[in-house]
Amino acid sequence: GALIRLSFALRHKALAYDKPVPWHWAVIGTLILIGTIWAIKPDPQPVQAAAPPVTFAEVQGIITQRCAMCHNAQLAQKNVALHTPELLGQHAQQVYQQVVVLKLMPMNNATQITEDERGAIKRWFEAGARLN
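Report on the accompanying structure. For clarity, every value in this text was computed on a predicted model and none was experimentally measured.

Scoring rules and cut-offs
- Residues numbered from 1 in each chain as written.
- Predicted model: local features only at pLDDT ≥ 70, side-chain atom pairs only at ≥ 80, totals over all residues.
- Heavy atoms only, no water.
- 1 Å grid on protein atoms, 1.4 Å probe; cavity = no way out; pocket = protein on both sides within 12 Å on 5 of 7 lines; lining within 4 Å.
- Points joined across faces, edges and corners; volume = space filled by probe spheres on them.
- Helix = DSSP H or I, 4+ residues; strand = E, 2+ residues; numbered from the N terminus.
- Nonpolar A, V, L, I, M, F, W, Y, C, P; charged D, E, K, R; others polar.
- Buried < 20%, exposed > 50% of the residue type's maximum accessible area, 1.4 Å probe, protein only.
- Arc of directions from axis to C-beta.
- Contact = heavy atoms within 4.5 Å.

## Quick word on the layout of surface pockets
Volume-wise, the largest pocket comes out at about 400 Å³. Looking at the largest pocket, it is lined by 19 residues, and the ones nearest its centre are H71, Q77, K78, M105 and P106. Top contributing element to the lining of the largest pocket by residue count: helix α5 (residues 92–101), with four residues. In terms of residue class, the lining of the largest pocket is built from 12 nonpolar, five polar and two charged.

## Examining helix α3 (residues 56–66)
Buried within α3 we find F56, V59, I62, I63 and R66. Seen end-on, α3 carries its buried residues on one side only, within an arc spanning 125 degrees. Across from the buried face of α3, at angles greater than 90 degrees, the exposed residues are A57 and T64. Lining the buried residues of α3 we find α4 (85–90), α5 and α6 (115–126).

Geometry only, nothing functional implied.
This is the structure in structure tokens:
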């Protein structure tokens, strides 16, 4: 940027004294600027294959295995029960928030939920959290 600004000042001076304009400073400054932009550009991200759609049965299996021991009819922690499809649909937003976004549930990952299982819940919720 400084070399380009210098070239403008030298151009003005050259035109004022009727001398040839020193364009090489502008060219060098522009090349340095382009080189810097090229050097700091981010690497292209690889194209990832689309993950297969998740069925409600898969999500219900994950919830039953990882969540229902604390969120069932007898023990509804935080007043959230997830033992029926209707209740899971009713609390889908909370499940998504706690399991996928914040990763707070299961508490201290007591049931050893995996990142793949969290990803399945995420894809199910983002696809509309259908119960069929």
